[in-house]
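Commentary on secondary and tertiary structure
Listed here are the chains, written in short residue letters.
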Amino acid sequence: MVVDNPAGYRCNSAAPLIIQKNVTKNIVRSEFQETEPMSIYLLAINIHDMTQVRGENSRGIPVSVLTPPHKKAGAQVTLEWAIKALDHFERYLDCSYPFSKLDLMGIYDFNLGGMENIGMVHLDWDCAYIQQESITVKELLDCRSTTVHEIAHMWFGNLVSVKWWNDLWLKEGFADFITAYVMDQMKTDRKPGAHMLEFLESSYGSAIRNDKFKFTKPVRQTLRTSYDAAAMYNNLSYEKSSFILRSVERLIGATAFRTGLRHYFTKFKFKSANFDDFAACFGNITNRVSVGDYMKKWLNQPGFPIITSERVGNTIKLEQTRFTESPKYHTSQSWYVPLNYKTEKSSPTSYRLMMEKNWVIDYTVDHGYSLSNTFSILNSNFGHWYVLDTDNIIFGLHQYEDDNYMLLARALQENPNSISDATKLIEITNLELLMENQRINPRILLETSRYVSKETNMDVVLKWLLTLLHMKRNLHDRDLYVKFNHYLRSLLIDKVRNAMKLSFDDTKAWNLRKNYSWLLILGVKWRVKEAIHAARELYHRFKEGNHINANFLGYILRHYIRKPSHWPILFKRLNSYPQSQKELRTMIRMLAKTDNESHQKLLLTYSRTSHIIPRSVVKSTLCYVAWRNPHLAWTYFKAHYEYYFRLYGESQFSMNSLLQCLVGNLNTREDYEDAKAFFKVNSAGTGTSGLKRGLKSANVFNNSSDKKSDTGDEVICITVKKESLTKSFSRWWEETFGKEDYFDIDNALDDFGGINED
């Protein structure tokens, strides 16, 4: 490849540079080595005036990070991490890095987290050039995870490409799964296995919530043109497929799984492959079911199963059905469901596949490992609690009978380690979804949560906290709301006090520091002296120009931003130091919450004229203002239409989302008609569909109760009714703590009143 570029600039691409020479006074010619066979979408050409920090991995592969001179320190952090990742991938996959070099480069205002161009990885600016003095540990690990994910693509997607976009999961699902495994092998501030635990919780929870709808689509779909490929970049292609791949690894064993991968890389090196090509490289899960058969069941049909269990005499009956938010929606679908079990008195059994819609666990007969529809538990274990799927490899829900939930809740109160941390995280998501769908009584979730004060894993604690806070928002009885606050306080007050003993800059105590901002916010709400002291210290640091955690920053600004005297101070602070984009977004989002129109207009002008505001944040600022003052946002957009059109007119995603947000928030008939007339004369560019959606959903029409989905069908979304939840919580409270106040309600800090300025 030969590239002519302006003099004074350098050029990097997929292959090493051979020579660079002057063609004319203003043009330089860069000649590159021939690349390996590759898909065109993986080619990047970078023309830049950056320097490079260089290194090499243990096999001598050149690795570098292209960086502005003032970002060298952050680039060095990324370089060291990329070299470690390269070495770990080569060891795990037993397959050498397939290309001649690896460069990494930060892209400012990047609309993707990363892009795996061959030999030339693009990363978000903040991730490529890490500011160690401002980034939180969570943000640092997210950046590291993104870097590892993109390097994983050098094998999954680059060495072997996908034949067509319907098999996008072959590269994205693998990259997600392998990234979690490799991150656990690399030295971080976290406990062994923490990355895989987070992968399980996040991939399962996120994907299953997107896959629960009646109209959801399968991971593998029929795509006619490459323009349809954008629809494949979703939670299912990434997270659901990665969860299924993990289940395959667990079922056939890690050794057989890696052997299959080596065969796959060898057979299709520098070629493209599809599902059948991949499946042919692996053997069978059982003598009746191949890896291909198993994966087709999960990837080629939409949705996921719910496994319901019921004790009947000495047996437990199991049934699998498709779970959706519509209880009246039934299908004949079935999956190959891998199942094992653990009881109070026994260790986990081996896995076997539930191939029928109905199974029976027989307590009186031990059938050993077989493919019959009878699942055996020793008779002596009858009456004790049990859990299914102890390795958490089922992409689906399981619902036990109420008695088993209560037995399990009591077991956790006696011994929080009765089940694994991963099982707890999955179980919390199960309980929340089942409660939202009115399949279980809310008291089951409440009773199960009572052990949380004894829980030592902070990831599990945070998961419980977020679930209970979500539950609390549906309570509409003020007295019960206060009681719920005190219940939360009883569970978490010791966690808050322990966290407050740490410095916010403490880099050693990862388990507490990761969730420090959440615990700090709770501590301030509950008037814990140590938390208030820590909050004051952080706020003073912020006012002095230091960086603080973006979550806590948002919480502070929420309580100060509506006071007119504070807004100019915080606005001045906005441009006083170089923030990360996350901090920048947080400050602008909070500043936009003001009800002062002159302040809103000042913020819009700043976002449009400031050189530090990324293009994506300019759009976000207009949307933030539109949510509070749609008339101002619309008139400002009209006055500066040419600027916004020049910025976003050719970007389909940006223009669609901007117009949908802007027009969809209009709340007067005059503005609505004005918008229709304006776009009859002026072009919406690539935002035509966003404009149509905005006009259809404008707040002018929000009084209508007959909203329809884009498919023309009524939107079905079943959630817990507030009245039902309130009654369940009230009964549970009285039965658990008695009719007398269990906590000192008079001294409660009631969230209805908010927090005072101190």
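A look at helix 5 (residues 194–210)
When the terminal C-alpha atoms of helix 5 are compared, their 24 Å separation across 17 residues agrees well with the 24 Å that a helix rising 1.5 Å per residue should span. Within helix 5, the full set of buried residues consists of Ala 194, His 195, Met 196, Leu 197, Phe 199, Leu 200, Ser 203, Tyr 204, Gly 205, Ala 207 and Ile 208.

Observations regarding the packing of aromatic side chains
Tallying each qualifying case throughout the model produces 45 aromatic pairs. Plain terms: the ring middles of Phe 156 and Phe 174 are 4.6 Å apart, the flat faces sit at 10° to each other, and that makes the pair stacked. Pair noted here: Phe 156 is in the loop between helix 3 (137–152) and strand 11 (160–162) and Phe 174 is in helix 4 (residues 169–185), with a separation of 18 residues, a long-range link. Judged by relative accessible area, Phe 156 falls into the buried class, the value being 1%. A centroid spacing of 4.8 Å and a plane angle of 50° characterise the contact between Phe 278 and Phe 282, whose relative ring orientation is tilted. On the basis of relative accessibility, which here comes to 1%, the residue Phe 278 falls in the buried class.

Concerning the nonpolar core
Formed by 164 residues in total, the largest nonpolar core has its most connected members in Trp 155, Phe 265, Phe 278, Tyr 294 and Met 295. Excluding its chain neighbours within four sequence positions, the residues that come into contact with Trp 155 are Leu 86, Phe 89, Glu 90, Leu 93, Cys 95, Ser 96, Tyr 97, Pro 98, Val 160 and Phe 265. If you look at the next biggest cluster of nonpolar residues, it comprises 50 residues, including Ile 612, Tyr 636, Val 663 and Leu 695.

Let's talk about the pattern of salt bridges
Enumeration over the complete set of coordinates arrives at 21 salt bridges. For the salt bridge of Lys 638 with Asp 674, the shortest nitrogen-to-oxygen distance reads 2.6 Å. Remark: Asp 674 occurs in helix 26 (residues 669–681) and Lys 638 occurs in helix 23 (residues 630–639); sequence separation between them is 36 residues. By relative accessible area, Asp 674 is classed as partly exposed at 26%.

Topic: the packing of helix 1 (residues 72–93) against helix 4
Between helix 1 and helix 4, the shortest axis-to-axis distance is 10 Å and the interhelical angle comes to 110°. Accordingly, the angle class assigned to the pair helix 1 and helix 4 is roughly perpendicular. Counting all contacts with helix 1, which are made through Trp 81, His 88, Phe 89 and Tyr 92, the residues of helix 4 involved are Ile 178, Tyr 181, Val 182, Met 183 and Gln 185. Considering only residue class, the contact of helix 1 with helix 4 consists of seven nonpolar, two polar and no charged.

Parameters at a glance
- Residues numbered from 1 in each chain as written.
- Predicted model: local features only at pLDDT ≥ 70, side-chain atom pairs only at ≥ 80, totals over all residues.
- Heavy atoms only, no water.
- Helix = DSSP H or I, 4+ residues; strand = E, 2+ residues; numbered from the N terminus.
- Expected span 1.5 Å × (residues − 1).
- Buried < 20%, exposed > 50% of the residue type's maximum accessible area, 1.4 Å probe, protein only.
- Phe/Tyr/Trp six-rings, centres within 6.5 Å; stacked < 30°, edge-to-face > 60°.
- Core = buried A, V, L, I, M, F, W, Y, C linked by side-chain atoms within 4.5 Å.
- Contact = heavy atoms within 4.5 Å.
- Salt bridge = Lys/Arg side-chain N within 4 Å of Asp/Glu carboxyl O.
- Axes fitted to C-alpha atoms, helices over the stretch in contact; angles between N-to-C directions.
- Parallel < 35°, antiparallel > 145°, perpendicular 65-115°, else oblique.
- Nonpolar A, V, L, I, M, F, W, Y, C, P; charged D, E, K, R; others polar.

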